[in-house]
Amino acid sequence: MDAEAIAEGRRRWQARYDSAQKRAADFTTLSGDPVEPAYGPRPGDTYDGFERIGWPGEYPFTRGLYPTGYRGRAWTIRQFAGFGNAQQTNERYKMILAAGGGGLSVAFDMPTLMGRDSDDPRSLGEVGHCGVAIDSAADMEILFQDIPLGEVTTSMTISGPAVPVFCMYLVAAERQGADPAVLNGTLQTDIFKEYIAQKEWLFTPEPHLRLIGDLMEHCARDIPAYKPLSVSGYHIREAGSTAAQELAYTLADGFGYVELGLSRGMDVDVFAPGLSFFFDAHVDFFEEIAKFRAARRIWARWLRDVYGARSDKAQWLRFHTQTAGVSLTAQQPYNNVVRTAVEALAAVLGGTNSLHTNALDETLALPSERAAEIALRTQQVLMEETGVANVADPLGGSWYIEQLTDRIEADAEKIFERIKERGRLAHPDEQHPIGPMTSGILRGIEDGWFTGEIAESAFRYQRSLEKGDKRVVGVNVAEGSVTEDLEILRVSHEVERDQISSLARRKEARDEGAVRSALDAMLSAARDGSNMIGPMLDAARAEATLGEICGVLRDEWGVYTEPPGF
Ligand SMILES: CC(C)(COP(=O)(O)OP(=O)(O)OC[C@H]1O[C@@H](n2cnc3c(N)ncnc32)[C@H](O)[C@@H]1OP(=O)(O)O)[C@@H](O)C(=O)NCCC(=O)NCCSC(=O)CCC(=O)O
């Protein structure tokens, strides 16, 4: 790009920066020197390919979504939390909000994630262990007691039974008197990554996609600020993929949901802002920063050029980041604070919109209150002390970062081609009714291609770790110092017993006829193709349990079984 075009871009960005709202904060260095809100080539310099980098807040958004960067608004501190029963988790949320957490993020226990009630024999021993137990809308009500859902943005990490859990959340909001139309938050919902990596699916893919389509329609129409999907690379990375695989599989999944919306006749400019993303911040500092920058650029280009999105918001890739659970070690666990801080810094330098920092004890158990607080404070140290929020995309223009960003983008594009190619193999004559990327994703799920590719990468890394080429402090280098005593959070078995008895009491108290007729109406909608959210909401209002709602759908749609792979 020539010097005049660069200067013109700078003027455009500056005008937008000047007219935007900024936080009331000191944006000078620790020594008191002023810093610009963003930097670019020196006046008079030319820069080959600058249109791929650009200015913050401008297409292709490599440098972030906003001309102000974090000067307009800092990232959201959103700590993923949940354990025991709704009451215990409610207390933890209040602690998080009181300590400066900016939003909430619900972790559910395994039975809830699998759409089963606490009294299901398969739930035995799991109730309240890896997250909070939610059986019906009444639990949701307790979970958010004294937390105004109309004001706090809440993320819920659940995909198999995401839609019924969302209905319970809406009922809790109704019971608080909140206007559902103003609710803002995120539901994970991303079923592709369940089949690919996380493995917490319920139904077979096609009917599940139809349910997600119903949810997208409902949110776009009735709850416009709510993000019904958090397309997730985190679990793909944690399963052992490379950074480029994480990026490419996740964005391909995102394209699949775009195709789903388009196939139902929805307007991409209306529904695309509801697609949010979730990535891992692993410990390779620069590669991660480049991954985040490449993610925004690829998404903006595909949304504009392939799917026809016109508005900035529809081209924006907004993402939450969690530091890498797999990078934490049980050995010398206090070092995990350092790893997490470095990973969080990479997320921030990559322009994350929301961030979770892991607690130092997470390889051993759910975080203790003390460890959870250190994790949260880690973000506050970055935000308040280090100056990283002063300048948008401060590493933009670095030869290393820009080349890494280009390389990861090119790798991702090659992977998209491979996925689409798989779709063409599956449907040589005609397109899949949803779209070409969806066709490739479904084929790659069916024949175990994604799982195989991830396993290959995980194996390569493990081998290099065992050979000592890759090193981890406390594991294969600098081993053998004292093991510190850590306070471990233990969830009492009484939680399970109490949860089962309160579920029994609730079932006694509810109107069985109302539950039955709501479930029947939901089944009719499943059969006749009408939007299922309304009847599912009625079922939640009648205190139908998660297991009952999912049970009806399991019977109707069948349970997914993974293809065997060797
Ligand atoms: C979009 C995100 C990513 C973030 O939403 P947030 O509300 O926090 O932030 P945001 O949308 O970026 O910002 C809030 C509002 O401020 C505006 N805003 C932000 N920065 C601005 C700026 N500089 N200038 C002007 N406006 C700005 C935004 O446009 C938005 O307004 P408008 O709305 O008006 O635009 C959302 O989807 C989210 O919260 N995701 C969290 C997902 C999550 O927690 N997942 C947990 C997974 S845990 C998991 O899976 C477990 C893994 C495991 O451990 O196994």
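In this report, we go over the structure that sits alongside the text. Just so it is clear, the model here is predicted, and its values are computed rather than measured.

**As for the sheet that holds strand β6 (residues 275–281)**
Here is step 1 of the chain: Spatial strand order, β4-β3-β2-β1-β8-β7-β6-β5: eight strands in an open sheet with parallel pairing. The sheet terminates laterally at β4 (185–187) and β5 (229–232), the two strands that pair on one side only. When the angles between neighbouring strand axes are averaged without regard to direction, this sheet yields 25 degrees.
Here is step 2 of the chain: Sheet analysis places strand β3 (residues 154–157) next to β4, joined by three bridges and oriented parallel. Paired with M156 across the two strands is L187, which belongs to β4.
Here is step 3 of the chain: Across the sheet, helix α13 (residues 335–349) is in contact with β6, β7 (319–323) and β8 (354–356); its angle to β7 comes to roughly 165 degrees.

**Topic: the pairing of strand β1 (residues 76–81)**
Here is step 1 of the chain: Burial within β1 is extensive, with five of its six residues counted as buried.
Here is step 2 of the chain: Where β1 and β8 come together, two bridges link them in parallel fashion. The residue bridging I77 from the neighbouring strand is L355, located in β8.
Here is step 3 of the chain: Of the strand pairs in this sheet, β1 and strand β2 (residues 103–107) are connected by four bridges, and their pairing is parallel. When the sheet's bridge partners are listed, R78 is paired in β2 with G103.
Here is step 4 of the chain: On the question of chirality, the crossover connecting β1 to the parallel β2 by way of helix α2 (residues 86–98) is right-handed.

**Re the environment of M156**
Here is step 1 of the chain: Here M156 shows up in strand β3.
Here is step 2 of the chain: The contact partners of M156, leaving out residues within four places of it in the chain, are V106, F108, M140, V165, F166, Y169, T186, L187, Q188 and Y226.

**Observations regarding the pattern of salt bridges**
Here is step 1 of the chain: Applying the stated criterion across every chain yields a total of 48 salt bridges.
Here is step 2 of the chain: For R506, the salt bridge identified is with D139, shortest N-O distance 2.8 Å. Remark: D139 occurs in helix α4 (residues 137–143) and R506 occurs in helix α18 (residues 494–509); sequence separation between them is 367 residues.
Here is step 3 of the chain: Each of R52, R297, R301, D406, E409 and E413 takes part in a single network of salt bridges with overlapping partners.

**Side note on the packing of helix α11 (residues 285–306) against α13**
Here is step 1 of the chain: As a packed pair, α11 and α13 sit with axes 8 Å apart at the nearest point and diverge in direction by 30 degrees. Judged on the interaxial angle alone, α13 and α11 are roughly parallel. Pair α11 / α13 crosses with right-handed handedness. Facing α11, whose interface residues are F285, E288, I289 and F292, α13 presents V342, L345, A346, A347 and L349.
Here is step 2 of the chain: Partitioning the contact of α11 with α13 into residue classes produces eight nonpolar, no polar and one charged.

The rules behind each value
Residues numbered from 1 in each chain as written. Predicted model: local features only at pLDDT ≥ 70, side-chain atom pairs only at ≥ 80, totals over all residues. Heavy atoms only, no water. Pairing = 2+ DSSP bridges. Helix = DSSP H or I, 4+ residues; strand = E, 2+ residues; numbered from the N terminus. Axes fitted to C-alpha atoms, helices over the stretch in contact; angles between N-to-C directions. Contact = heavy atoms within 4.5 Å. Buried < 20%, exposed > 50% of the residue type's maximum accessible area, 1.4 Å probe, protein only. Right-handed = clockwise from strand over helix to strand, strands pointing away. Salt bridge = Lys/Arg side-chain N within 4 Å of Asp/Glu carboxyl O. Parallel < 35°, antiparallel > 145°, perpendicular 65-115°, else oblique. Left-handed = near helix turned anticlockwise from the far one by under 90°. Nonpolar A, V, L, I, M, F, W, Y, C, P; charged D, E, K, R; others polar.

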